[in-house]
Each structure stands twice: as C-alpha cells, then as structure tokens.
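The residues making up each chain are set out below.
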Number of protein chains: 2
Amino acid sequence: MKHIYSFAEGDKSMKDLLGGKGANLSEMTSLGLPVPFGFTITTETCNYYLEHSEYPSGYFDEFDAHLDELEHKMKKNFGDSRNPLLVSVRSGARVSMPGMMDTVLNLGLNDDTVQGLIEKTGNPRFSYDAYRRFVTMFGNVVLDVGHERFEHALEAAKTKKGIEDDTDMEAEDWKNLVLVFKQIIQEETGKDFPEDPREQLRLAVEAVFKSWNNKRAIAYRNMNNMPHNMGTAVNVQAMVFGNMGGNSGTGVAFTRNPSTGERAFYGEFLCNAQGEDVVAGIRTPQEISELRNVMPAIYDQLYEIQARLEKHYRDMQDIEFTIEKGKLYFLQTRTGKRTAKSAIKIAVEMVNEGMISKNEALMRIDPNKLNILLHPSIDPGAKKDCLAKGLPASPGAAAGKIVFTADEACHMIEEGEKVLLVRKETSPEDIHGMNVAEGILTATGGMTSHAAVVARGMGKPCIAGCKALIIDEEAKTLKIGDRTFGDGDLLTLDGSTGEIFAGEMPTVEPELFPEFDTIMSWADEVRRLQIRTNADTPHDAEVARRFGAEGIGLCRTEHMFFEEDRILNVRKMILARNADQRAEALEKLRPMQVEDFKGIFKVMDNLPVTVRLLDPPLHEFLPDTDEKMAPVAAELGVDVAELKEAVHALHEFNPMLGHRGCRLGITHPEIYEMQVRAIFEAAMAMKNEVKVKVEIEVPLTGHVNELKRVRAMIDQVAAETGAMKDGSSGFEWKVGTMIELPRACVTADEIAKHADFFSFGTNDLTQMTFGFSRDDAGSFLPYYTENEILADNPTETIDQEGVGQLMRMAVKLGRSTKPGLEVGICGEHGGEPRSVMFCHDIELDYVSCSPYRVPVARLAAAQAAL
Amino acid sequence: MKHIYSFAEGDKSMKDLLGGKGANLSEMTSLGLPVPFGFTITTETCNYYLEHSEYPSGYFDEFDAHLDELEHKMKKNFGDSRNPLLVSVRSGARVSMPGMMDTVLNLGLNDDTVQGLIEKTGNPRFSYDAYRRFVTMFGNVVLDVGHERFEHALEAAKTKKGIEDDTDMEAEDWKNLVLVFKQIIQEETGKDFPEDPREQLRLAVEAVFKSWNNKRAIAYRNMNNMPHNMGTAVNVQAMVFGNMGGNSGTGVAFTRNPSTGERAFYGEFLCNAQGEDVVAGIRTPQEISELRNVMPAIYDQLYEIQARLEKHYRDMQDIEFTIEKGKLYFLQTRTGKRTAKSAIKIAVEMVNEGMISKNEALMRIDPNKLNILLHPSIDPGAKKDCLAKGLPASPGAAAGKIVFTADEACHMIEEGEKVLLVRKETSPEDIHGMNVAEGILTATGGMTSHAAVVARGMGKPCIAGCKALIIDEEAKTLKIGDRTFGDGDLLTLDGSTGEIFAGEMPTVEPELFPEFDTIMSWADEVRRLQIRTNADTPHDAEVARRFGAEGIGLCRTEHMFFEEDRILNVRKMILARNADQRAEALEKLRPMQVEDFKGIFKVMDNLPVTVRLLDPPLHEFLPDTDEKMAPVAAELGVDVAELKEAVHALHEFNPMLGHRGCRLGITHPEIYEMQVRAIFEAAMAMKNEVKVKVEIEVPLTGHVNELKRVRAMIDQVAAETGAMKDGSSGFEWKVGTMIELPRACVTADEIAKHADFFSFGTNDLTQMTFGFSRDDAGSFLPYYTENEILADNPTETIDQEGVGQLMRMAVKLGRSTKPGLEVGICGEHGGEPRSVMFCHDIELDYVSCSPYRVPVARLAAAQAAL
C-alpha cells in the first residue's frame, strides 16, 4: 500500500485519500502548472497511526524518497545552511473542519539554515522575521504552547524598543526574539526547541494526525453527523518567496473582470513582495498589465496559463501566483467570486463563446444574489456612518426623514417629503404608512414579522428586529447607542445588509441589462414549477407580472379591510350587537370588496388568482392601546367602555393559536359569505372583459369538517349567484385550502376529498411544527443558529427534515385521494432558492412569492429542474 | 326474495336487514316473550323503493299476509269498528340517526274504529285523546303539516273552554279537536285526511322510506362518513294499552337494584294506566312487590321472565311491560343503566354467581364513572340553588367561603375557615392558595387550563371557564346574573357536573367497598400498560401509590419554584445582571431542590420517577400586573422601573410558542445544570435508604440537537457528581425527552438516538398539531363540538386521526432506532379511558395521570388489553 503521493501522482478525484487540499494541489500539478512541489501523506496513514500509535511499515522509506524527490525538484536541500529547502505543513481532510491543526510555514529553519535564507534573499530582516514566525507557529500548533506568551514577549520587545508597529522591528530585534521564543518553549514544554528540520517535520506531521481527534473536531463531527473514521491527510509543500529581489514578485489575477463581467485579464501584482504585503496594503500594487513591461516573459506565461486554466475549469478563475527569482509559481487557482451582475454576464457570454451550455450557465448564478439587481443600493463609494445593524428583512436602500406613526408618514408625504417609518413593530393598522414610506425600520420582530412580510411584498427596504433601537413613540425619539434622532431627522437604511446609517446617503438605482433577460428566458425554458406571486392589490399584481409571475398564489383579503374607508365598517361589523347590525356593516363592505377583486382579475387576465378568505383574528382590527380607544369609539358612536369591553372580550393569550382563519369563518359565517359573494360578483362583472380563473382559499383548515362546512357555504353562494362549477357561467373557479397546520398534513387524504387545491402556508406550518412563534423566537433562534443547534433559520429556508417531512406527507396523502391535485406554496419560503428546489423535489405545481422575488424563484426553479 | 319478516322470523343478528329496532323486537319474540306482535319491512325494500319509486314485485302479497297474521295473532281486525287493531309505525335503520321519521302511534283509528276502542276501553276520553294524538302525529310526520298549527288549535280550544291543562280536556273536547285537526290537514295538503286504515298504513310506510333521504339525514350521514345505501327498515307493531280497566296496567322493572347493585327484583307499576302516566308523575306508582298481591299470576310470570331475561342477556335488564286485560306484554328489555357503585357490585357478584367471566366483568364498567366513587359528591337529597354552570374541570363537591386571592385563601385557612378560591384564571403564582382551598372556580380557561390541570393533580374540585361569572378582583365581588357575592360568602361547587350553587350544601363522602378492590385487582391481572402518576410532591406521590400508581411519569419541577421560600431566589436568578449573581441565586435554590427530590425518591422506593426539567417561560415567575410590581421590587431590592423593564423584555406575544422548555435550558444552561446536580445529589443521598430510579426528562425538544446538547450537559454533571450510567454508583438514571412538538414526532428516529425514553406531552402536542391554544379555543371549540365539526374535544380525548397519527409515527420511528425504547404519555389524556386504550393500541409502555385518575387508568388499561 502506498502511503504518500507526490503532487505529480494524484488528481482531483482522490479527495478521500488525499483530502481536499492535497487533491487540488495534485490536479494543478497534473495540468502542468508550475506549482511549488510537495507531497501528501494519505488519510489512511493517519487512521493507521491513530489506531496503532505507530506508522505503517514502509512508511519511512516512502517518506525519505518523497523528501529526496522534493529536494531534487526544488534544487534545495532540507537543513542545508547554504541553500535550505523550507516547507509548509498543512492538514487537509476530505471536508474542512474547525478544530483541525493550522498551517505551519517556513518549516526547516534553524540557526544554521536561516543563514542560507539570508544569503539567498539578501534580506536578514525578512529571514529572521520568517524564522520567528516559524518558531511561533511551531510552538503554538505543534507543541501546544499558548500563543499569548509569544505575543507578550513581542509586546515587551516593542515596548523596550519604544515602538508600536511590527514594521519598525529590525533584523536584530527579530533575531533576539527567536531566542526569547525558544526559551519560552523550553520553559513550557521542558524540552529544547527541535533544531533538526527532520525532527521538526516529523513532529508537525504527528500533530496534524492527532488534531483529528481533538475535542473541537470531535464535537464538530458529532454535531454534523460526520463519521469519525475519515482521518486527515497531511500536505508538505516547498515554500517559495516573492521577495527575493527585483526578479521576484507576487500577485492575484482573475481571468475576467469579477466586478463587471468584462472579458479581460484582470488583476494586480507587486514586485519583490510576498502575498501578505498585497493584503497588508502597505504598498500599492500595480495593474497586471504593467507586468508585461516589467517581466514580459513571465507575463506571457501567466497570460497563456490563465487562459488555459479558464478553459480547463470552464469558469472564471481567481489565481494566486508568486515569482521567485524569475520563476513563476502558481499557488492556487479557484473559481473566482463575482458580483451578481458579472455572474450573469460571464455566464451568458460563456454560452455564446461555446464554453458552457445554457444549463450550466443557469447553474452558475446564485438566485439569492438576483435580489441585489432588482433594488437600489447604497453608492459603494459613499462614506458610511453605520449606527447599528438589524435583520436584513427586505432588500434595497432608502433614505428619508424618520417618522414614528403611519399617520405622520402620510402627512409628511403630502408635504412632499420622503420618509422612513420607524416603529417598535408594525401591525396591519400601519399599512397606509408603510405604503407611502421609502423604507421601514422596526425594533422587534424577525425575518417573517409583519413589517418584513409586508415590506417584501411591497418591494420596499426594511430592517427588522434591530435590538439596538430604543424607540419612544410618545416623545418621538429614536435612541441608538448614545445618539438620539427625532422626528424628521435623516437616516438611510440598507435592507440588503441590515445596516442603518446616519444622514442621507447617495443610492444607486438598479440597472437592468440584456443578459438578465437572457438568463431569465433560459430559466423559463427548463423549469417545471409555475411561479406565482403574493399580491393583494392590482398594483402589486402588475409589478409581479412584469417580473414574470404566472398567477397570484396568495391574495390576502385582510389587507383590504384595513384601508381607511373600510376599517370603520369592519369595526362596526365586529361590534354589532345583533345579526342585523352585522349584516348592515358587511353589506357596506361588499361593494368595496367587489371592486378589489375586479381590479385584480383585470390585471391577471387568463391567470389563476388565489383569494384567501379572511385570516387574522378580529382583535387585529380594533385599537390595541388605551390612547387609541377614544377616537375610534367616537367614530363608531359607542362608549369607550363598550369598545374596551369588546377588545377585552377578544383578547387572546396566544393570538397565533386563537380564533382566526376558517375558525372565524365558521363561527361568523356571514363574513366569509360576504367575501365569497363579492368574489363571484366581481367575476361575473369582469367575465366579458377578461378570462377570470379564481381559486377560493380557506385558511387554517385543521379538520376536514371545517373545509366541508365552508365549502358547503361557498357552493350555496355559488348557486345563489349563478356561478357554475363547470365554467358555463363564463369564468373558472375552484375551492381549496391552505395547508398550514400539522394536522392538515397528516390528514391530507381526508381534506383532499373536499379540496380542488392545496397551498402550503409554510410560515404557520413552520411555527406550529417547531412550536415557536416568529415573533417570540428572537430570544433563542439566533443563539440556535450561531451555536449550530439549527443549521439554518427555518423561518428563512424550509426545514426539510421536519416541516418538509410533513409537506411530503401532505402531498402524498392528498394525491392518493386526488391524483391530479394542484399543490402550491405561498409561505415566505416560496421565494427562497433552497426552498424552491425542495418544492420542485416534492412535486409541487407552483411556488408563490412576493413580486420582487419572482425572478429569484424563476431561476431557482430552473436550477431545481436541472 | 323476502321483503317482510314477522317478529317470529328474525333475530338480533339481522340488524342490517331489519334495522336495530326490528332485530331487537324479533329477538324478544324468539325468546318466547309475550311481545305485541308485528312485522318488519326490510331495508332492502326501502332501497328498492327509493331507487325505482315503486315496490318490488310480490311485496303487496307479502304485506297482506303479514297483516292477516297480525290480526290473527292479536285477535283484532284492522279497520274493525268493533274490535279494531291499532298499530304503531316506526323507522329503524341499522344505527339510529337524527332526521329520520318519528313514530306514528295508534294508526288504524278513524271515526268508525274509535267507536270500537271506546267500547273496548269503556273510556271515551282516552279513546278520543288517542285519536287526536294519532291525527296530529300522522299529519305532522307523514303529511308534513307543521305541528304549530295543531298546537295553536289546541291552545285555542283550551282558551275557549277557559282551562290551562290538557288533563282538563274532556272526551267531547278531544272529539271536536279531531275535526279541527282534520280541517287543518285538508287546508294544508289540499286533501282529506285518509280515513282508510290501509291507506294510512301505506302512507306511513312510504313516509318512513322517504325520510331516509331527507336533508338532515343526508347531512348527518355525510358528516359521519356513513354510506347512503344502507336504507331503513319499517316496523309495524300492534298497539297494546294498559289502561283498559282494573286488570290492565303498566310498569318498569330492573332485574337488580340499579342504584345499590343489590340482587333483588326491583321496580314499580301502575294499575289501569299507560306508560306515559308513570312518566308524567300524576299518579304515584306502587312497588313491584305489590303486584304479587294485585295480580299474583302476572307477578309470577313477570318474575320468572325477568330471571330468564337476565340469564339470556347475562346482564341486569331494564324491562318495560304492559298488562292489557290480564295479559302481560313486554315492550322492551335492555341492559339497565346503573350507578358506578352498582355496576361494580353487580359485575363482581355475577362473576361469583358464575354468570360472567372476570374479563366480562371488567368490560362492564365504565372507567369514566369510577371518578365519582373517589370524590365527595353533593347529597342527592339536598335542595339545589344552581347559579351557573362551567366546565367540570376536576370532579368532586366542595363548599366554602369564597376568596379572591391566594394570599387571602391562606389567611382564611389560618383562621380555621374552609375556602373556595375564585379567580378569573389561575397562574402558577396561585399554587399556595390552591393548595389550601377546598375547590377552585375560574371564569376563563378550558379543561386543560392551569386551574384544571393543577386541581386534578391535587384531587380537588374545580370548575373552570364559567363565562357567567363577572369577577371584580379589586372590589372582591363575584357577579352571577343579577346576584352578587362578596368575600366570605358561601358557595358550593360540583366539579363533576360544573354546577355552582349558592350556600353550603351537604356533601357525601366517597365510600370504598370491597368489590372496588376486587375489580382493580382483576384489572391489574390483565393489563399490559404500566400506570404511573403525575405528581410534584411527596404527598401527591403517596396518594397516587395508594391508588396503585407504579411510578411517577411526570414530576414538574416548576411547581417547586413557586413555593414561598423559593420564588424570591428564582426572581433574583432571572434578574441577575451577570453570571455570578445568577450562580449565587441558583446556589441557594439547589439545596431546596435536593430536598424536593429526596422526599419524592423516598416515597417512590424502587419505582421510576420521571423528573422534568424546568418548562415554563421565565416571565411566569415575575409579577404580571403593575400593582404587584412594587412589593416584589422592594423584596428584590431593585427599582420598580428595573423590574418592569425585565418583565417587558420577557413579554411574549404567544407564550405557548415562546422561550420555554429546553430552549430556556439551552440559552440559560446554568438553570438545568443546577436542577440536574440537585437530582444526582438527592439520589446519592438516598441510595442507601431506598432504590432510586430516576428518569431525567428534557421538555419541548423539537430538534435532535437540542436534546444532544442538554444531554451532554447532563453527562458532564453526572461525571462531576460521580453518577455512573451503569448503575454502579448505587442508583439508576436515564435521560429522555418529552415528545410534544409535531417536529419531534416526525424526526423521532433522530431524537431516539440520544434518548433513553420518550414521553408524549399530548397537551402541547394537541395544541401544536391543531394550531390552537387551550386558553383561547373557548371561542370556537364548544361551537365545533356542538355542531359536530369535531366529534370530541381533542383536549379531553386524544384526536386519534390527527394527533394520534403523529404519535404512531413517533413510536414507530423511535423504536426503528432503538427497538426497546420506553415510551409513555404524561399529558392530561393519560387518565382518559379512550385515550388509554389508544395508548395500549400503539404499544406505549405506560400512561401517567393525576393521582385520582390512577384507578380509572388501571381499568381502562385492562379493558384495552381484553
């Protein structure tokens, strides 16, 4: 059995044996790239060593042979005081893992070989600096000496010398420090620092092996259900230095422009420098094209190879290189990170160049990033005064004067101001203010709080749950840290990052470009999932159609109830003392609802429109604080006491788990009856103008009998209004239900008997399945994701193991009753790429998301299909 | 094919064809009982008629033959003006169903035959009364004339005559009314009343057939998923009358005493009377033994037959009989209803008599009724002044002076008073008051509200959710209707019925008797399920052991936190500004917890004790109203503002779905750590005295990583305290989790990897699965059960289709990972018989219930096993 592979022997398929890093270095070498040579000790050797506490037979012979080969290739010798070979030692498991041993660089240095390095570089300061770094790293990661002792010694040396920066340390200073460091190691380990490079190397390799079983690594594997018997490989690679004189250098380059996507070799370099110097920013690098003048041959070689690399990897590459004494080395090539715009541009152009297929192009774009392209962003050049960071609840940037109430927002808008609405949390009563504000900022609530959901629907920037805010709504002040902002003060929000800035910052409007449309059209060609939108108004519906929506998957009727001209009648309906009063109030609401639906049907000509019957509990329509009682009572013409009593009677301990959804529709049938009548009347009125396809949706069904009962009422109203189920009355209609309770999932076979369609409400389903409310989970959910108790926040992406299991079950049971049952999703997850892919996998018919997420969903659906 | 069966031809096995009633009448006839003869038209005939709108061929010949046979048997002739045969016509489907046609009695009467009846009875008033009743019933149920018109006519006649009671109507009056009624029928139907008895009979039979497809019956079958093609049978039976003179009579008898269970023929009769007269209570019936004197031969026959009936049916019978002119007729025999006590006594005695087996005896007792035997009840003879009715939340009767706060309750008790605690709703802060009160009364909350759950645990009467109460806690008044009660006024509660009475009523203490123990020991012989109890204190644990509990399935540690000497430190812990302060407060709580556990371990020597780590959210431990803030703040030595802020910070929109259970234990690990340490320390301290078997239970696990994390902490504390998993430290311990979230059910295979046991928390599981909170469901759940949207209240009995499905899944998945996994249930359902049977079916290891429900669970478990 072979225990060690040189970089010339492996390739990228050998990850299990060589680890990720080893396989990658081998691949580059086999491409003929000038990679600093080295070898990889296999994961199997690690396992053997850990099991038997000794090396497998034949290991040492192999090791010596590989070290010889390395010396030969590099024309340097390990431990040679004139021409020393220095190496790096790195762990490399199949997948990278926290807790594993860090890198040791410059291994092979000792008091002798450092002289050789000085000779070769002509730079004693660099050489002793490299030496002391090696001793620190070796002491820390191999010999387990706490890094604090080394740092304290360095601090002491600087203090003694009266300097503050490491850059002011001179060769002699570093040299002295090496002695001090060795002394520390002696004190801490009771042994001298190993001067013999081979001894250093043996110890470093063993330290890597042992790190596989350290506490943190074991805990990580446990938490991620990874096996403990994979082992880690060890990479030993020759060091090269870019700071060995004028014919040395270092740089980073991209095969195309990562920011614009332009097809042009792009990058920068520094002569006589190390990679660290580029990062440290002490010297300003030169553009890569300059290299053509400085080292024309090297430039040509680099240019030729970068083109070859892009072709080999069939993607834009990010390349690190070092030039040591006129010789070019590649240290790394990897797929280059890029902006959303350049990702699209590069993908489309590569298809046009014949390099990749359309399908590959689609897979290359991160759907999450499309968002950025659809919303204004803060000018990257602007000076930023970041005050605090909240949750990036709805993307885009907006600046405006802050206001603390929805009414004030409307008032300011009338005076021509741009405003940001600042609230502890928003409620449906704030809709009119949210409608006119540029952006929304709240102190509480999560990614699926009211503010977040509504803002995303409106395509407005929103930062939610920013705990640093102390809002005093009465005093109209907003405190962030020690700064206080009042009514009318200017702030800027970046809803894509969650950052809040003082003052008004310049923003950049999104700019659409032809490649975007190209990608979208390719996506539409391959996807199977239909994409609908969540829209409550003709305007939202229109925006969504422009983004490619193929129907409305969720039209929430409660938002209609909050409009200023309606809320009074809604409240009258709630406070009605008898059926007549209630009927009267509802009779006033009906013509308004008819107009709502007519407007939406008109925009969605020939596309399905899913209308959800009233969902929230009635108390949401009544004032919730004492101050608000009096004006509302006056408007309604009732005593404040009476209103208070009504509010009190409707109070719920757990509103999420209360009297809402179809429960309300069943105990107060007249409300749903009015809504259904309005739907049919609107359809009748529009049927000659457009093709109406309406899907009436019953919310919060838990038991089949709930749906049965509401459906019987709908059929009754249909009979009364002449709406024929066979479409003969000139429009199509269906009746279905939200699936948003665990009970609905496990009894979906029964429920399907009475449903023409299902639509998953994964917001509620997630909350019920986990047993937490999104409004309250802020106290533990961030802790859970930070501490890897949950890999992801399930309110952001569908929890496939738990919630997803119930969804699978519901689809299977539902279609066991009705094979062709239409099933979709209209929860917030409908626009989140991983969730969209899951919805494709479990064979949903459509996903529905907020208008601005429609392009994201189109792309994600295409990727799912591929 | 045969379309009609005489009562001599059928038997009880022919329910499908003859309906329940027909099969039963046939069975009695075939036993040789003198049953008024008759025949049954089959369900198949009904189906044929409904399908073809005509009778099957041969039907009329059969019909005539059966009518001839009936006339022959009864020695009366249909339509004979001298000796008329009268019959009743009744529907009789396989199962009884609302909406089906009612009975028509006295069919065969007309102006001619009524004369024959007068002649036979010598009673014109009775005869015309029978006639007008027949016309009304026929008009109403056969001809579909609204009964109001008949009632109005009767009222008019009485008004005209100047009388109020029907009993003051004379023969002539009834005779006149028959004319009026026939006129009404003519007006309403446009046809004359059918005088021909055969025409009457044909119409009545067809009306029964048609009633199978009336709206109400169809709706009922739809709602109950019953097939529509069963059809109904029609029973035609000769009328007999007990009021035909001195040698006639009527009575009701039981083969044993239904109230005491005594083995003695028991009942009452009236001479020259109809069954209605016994019910109406106008005349006082005589004891059955008197019949021996009045009609000795009849008595002997009756006595002989009742003994035969009991033997045949092998159970105590409830018999209705009529004597018509010296001839005894049996109208009905059925299993007699009986008190809980007599049920047990009869069952045990019948086993001793060799009549039934032990297993049959066990199946004869309704476990629900055992409850009554274990609690005091209101003296049945007492005069009752019922004020209102709430939910029967915890059984038993109690009287006392009302108080409005827990503190006041304690204060009054010190003065030697008995008190009832009256609260809008109780919270854990009221525990000390609940502890000393005789009973608890609340205005809000359901069968599983805090008050209900705690009261049942304590075995104290409780009426919850009584909406009629208007409680003013400040003024200390309780308004019910127009009556107001103040501090110290006497009330009586009947927790078994939910009734609230004014004043102090005499109560009867439960009296245990030897047959109870016999039944319990038989139950223990056959049941497979283990029965544990929910108990938080040594006292409760002791009570439960006396009732036969085999362990503690749920020991809630939060109740311990509320005791007066602890709450201060709990609050200090919550308000701690840093880890040190928190540790200090917890350090003070630990020794107290150690004592708690020691006490429980001692009582539960050698039995398992499941200790649940802290479950409720922290805000439950802080004052919830402004008035309560100041004293608590003073006690804690903090500003009121600081306390308010803490309360505010911990406020939750949906506390059920908030920061509780293991979420709290994970974000505040020091709390669980203290509890676990206390458990191990208590076990160590007791291990030489008793055999400790403790099961540490993690609440509210939703994701396996939560359990993993808490378990790691427990293992750590175990290592620190020397608690060895192999029991070598002298006691046994396990770690497991509640299964109370839908997500835990669907991922139970993962969770089982880290759990030694599961325990279903079906209270929460039901709430999460349905998506409603028990505290808020009062606004729609009663409507749901009343309107048959839900067959049962799922907070009372497990919803087997929905919640039960998830439980099945969890058991299956859990045991797929760990074949022998111990699984129990500790929700409120654990003491509810149907739920216990379900738990047996899905192969749980144990059920756990409140101490007083333990006997109920033992019997239900035995029945499940049989």
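Preceding this paragraph is the structure being described.
To start, this report covers the structure provided alongside it.

Analysis parameters
Residues numbered from 1 in each chain as written. Chains lettered and ligands numbered in written order. Predicted model: local features only at pLDDT ≥ 70, side-chain atom pairs only at ≥ 80, totals over all residues. Heavy atoms only, no water. Phe/Tyr/Trp six-rings, centres within 6.5 Å; stacked < 30°, edge-to-face > 60°. Helix = DSSP H or I, 4+ residues; strand = E, 2+ residues; numbered from the N terminus. Buried < 20%, exposed > 50% of the residue type's maximum accessible area, 1.4 Å probe, protein only. Lys NZ or Arg CZ within 6 Å of the ring centre and 35° of its normal. Least-squares fit on C-alpha atoms with pLDDT ≥ 70 in both. Contact = heavy atoms within 4.5 Å. Buried area = accessible area lost by both parts, 1.4 Å probe. Salt bridge = Lys/Arg side-chain N within 4 Å of Asp/Glu carboxyl O. Polar contact = N/O pair within 3.5 Å; in protein donor to acceptor, adjacent residues only side chain to side chain. Nonpolar A, V, L, I, M, F, W, Y, C, P; charged D, E, K, R; others polar. Pairing = 2+ DSSP bridges. 1 Å grid on protein atoms, 1.4 Å probe; cavity = no way out; pocket = protein on both sides within 12 Å on 5 of 7 lines; lining within 4 Å. Points joined across faces, edges and corners; volume = space filled by probe spheres on them. Axes fitted to C-alpha atoms, helices over the stretch in contact; angles between N-to-C directions. Left-handed = near helix turned anticlockwise from the far one by under 90°. Patch = residues over 30% accessible without salt bridge, like charges linked within 9 Å, V, L, I, M, F, W, Y side chains within 5 Å. Areas by Shrake-Rupley, 256 points an atom, 1.4 Å probe, with all protein chains shown as cover. Lys, Arg positive; Asp, Glu negative; His and termini not counted. Charge placed at Lys NZ, Arg CZ, Asp CG, Glu CD.

In this section: the packing of aromatic side chains. Each aromatic ring pair is described using two quantities: the centre-to-centre distance and the angle formed by the ring planes. Tallied over the entire structure, the rule returns 56 aromatic pairs over all chains. Between F597 of chain B and F601 of chain B, the ring centres sit 6.4 Å apart and the planes meet at 25°, which makes this aromatic pair stacked. Taken together, the residues F597 of chain B and F601 of chain B, both in helix α23 (residues 579-603) and 4 residues apart, mark about one turn of the helix. A relative accessible area of 2% places F601 of chain B in the buried class. Against the face of F513 of chain A rests K341 of chain A, its NZ or CZ located 5.4 Å from the ring centre. Here the basic side chain of K327 of chain B rests over the ring of Y329 of chain B, its NZ or CZ set 4.8 Å away from the ring centre.

The transform that puts chain A on chain B rotates by 180° and translates by 0.1 Å along the axis, for an RMSD of 0.1 Å. One copy is carried onto the other by what is essentially a two-fold rotation axis. Residue N654 of chain A of chain A places its C-alpha closer to the rotation axis than any other residue of that unit, at 2.2 Å. Taken as a fraction of all interface residues of chain A, those also at the interface in chain B reach 100%, which identifies the copy contact as same-surface.

Turning our eyes to something else, we now look at the interface of chain A and chain B. On the side of chain B, 49 residues touch chain A, which itself brings 48 residues to the contact. With both sides pooled, the region where chain A packs onto chain B buries about 4600 Å², and carbon together with sulfur makes up 55% of that total. When the buried area of chain A at its contact with chain B is split by residue, F653, L657 and R743 of chain A rank highest and sum to 15% of it. Residues R743 of chain A and E801 of chain B are paired through a salt bridge, measuring 3.6 Å at the closest nitrogen-oxygen approach. Taken together, chain A and chain B are joined by 28 residue pairs in polar contact (both at pLDDT 80 or more). When residues of the side of chain A that touches chain B are traced back to their parent elements, those giving at least two are α9 (215-223), α26 (662-667), α28 (704-721), α29 (742-746), α31 (762-770), α32 (781-786) and α33 (803-817) of chain A. Along the lines of polarity and charge, the residues of the side of chain A that touches chain B split into 20 nonpolar, 16 polar and 12 charged.

All names here are of chain B. A sheet is described by the order of its strands in space; here 5 strands give the open sequence β10-β9-β8-β11-β12, paired in antiparallel fashion. With partners counted over all chains shown, the strands left at the sheet margins are β10 (286-287) and β12 (327-335), one partner each. Looking at chain direction, strand β11 (residues 317-324) and β12 are connected through 8 bridges and run antiparallel. The residue of β12 that forms the bridge with Q317 is T335.

What follows is about empty space enclosed by the protein. All names here are of chain A. Per the counting criterion, the structure on display carries 7 cavities of 30 Å³ or more. Space inside the largest cavity adds up to approximately 80 Å³. K76, N83, P84, L85, L86, G116, L117, K120, M239, F241 and M244 together form the lining of the largest cavity.

At S53 of chain A, a position not held by glycine, the phi torsion is positive, near 55°. Here S53 of chain A shows up in the loop between α2 (43-52) and α3 (59-74).

Residues and elements named next belong to chain A. The strand order β18-β19-β20 describes an open sheet built from 3 strands, whose pairing is antiparallel. Only two strands of the sheet have a single partner each, and these edge strands are β18 (469-472) and β20 (483-486). Put simply, the sheet's adjacent strands are angled 20° from each other on average, direction ignored. Direction of pairing for strand β19 (residues 477-480) relative to β20: antiparallel, over a ladder of 4 bridges. Bridging from a neighbouring strand, I480 pairs with R483 of β20.

Let's shift gears to the packing of α31 of chain A against α33 of chain A. Residue and element names in this part refer to chain A. Direction vectors running N to C along α31 and α33 enclose 115°, while the axes themselves pass 9 Å from each other. Every pair of crossing elements has a handedness; the one defined by α31 and α33 is right-handed. Contacts between α31 and α33 involve T762, L765, T766, T769 and F770 on the former and, on the latter, V803, L806 and M807. Residue composition of the contact of α31 with α33, by class: 5 nonpolar, 3 polar and no charged.

Residue and element names in this part refer to chain A. Where like charges cluster on the molecular surface, the negative patch consists of D472, E474, D626 and E627. Looking at where E627 falls in the secondary structure, it is placed in helix α24 (residues 626-636). Of the residues examined, E627 reaches a relative accessible area of 60% and is grouped as exposed.

The next point concerns the pattern of salt bridges. Taken as a whole and judged by the stated rule, the model has 132 salt bridges over all chains. Notably, a salt bridge pairs K345 of chain B with E515 of chain B, separated by 3.6 Å at the nearest N-O pair. In this pair, K345 of chain B is assigned in helix α13 (residues 340-352) and E515 of chain B in helix α19 (residues 514-526), connecting sequence segments 170 residues apart. Salt bridges linked by common partners bring R256, R263, E310, K345, E349, E353 and E515 of chain A together as one network.

A few words now on the side chain of D536 of chain B. Residue and element names in this part refer to chain B. With respect to the helices and strands, the residue D536 is situated in the loop between β26 (530-534) and α20 (538-546). Among the residues examined, D536 registers a relative accessible area of 11% and is labelled buried. In contact with D536, other than residues within four places in its own chain, are L554, C555, R556, H559, M560 and I600.

Residues and elements named next belong to chain B. In terms of residue burial, strand β17 (residues 419-423) counts as a mostly covered element, since 5 of its 5 residues are buried. Residues V419, L421 and R423 of β17 are buried on one face, and the alternating residues L420 and V422, pointing to the opposite face, are buried as well. Of the pairings in the sheet, the one linking strand β16 (residues 397-403) to β17 comprises 3 bridges and is parallel in character. Among the inter-strand pairings, I402 is bridged to a residue of β17, identified as L420. Judged from the 4 bridges that link them, β17 and strand β18 (residues 439-442) form a sheet pairing that is parallel. Note on β18: the bridge partner recorded for R423 is T442.

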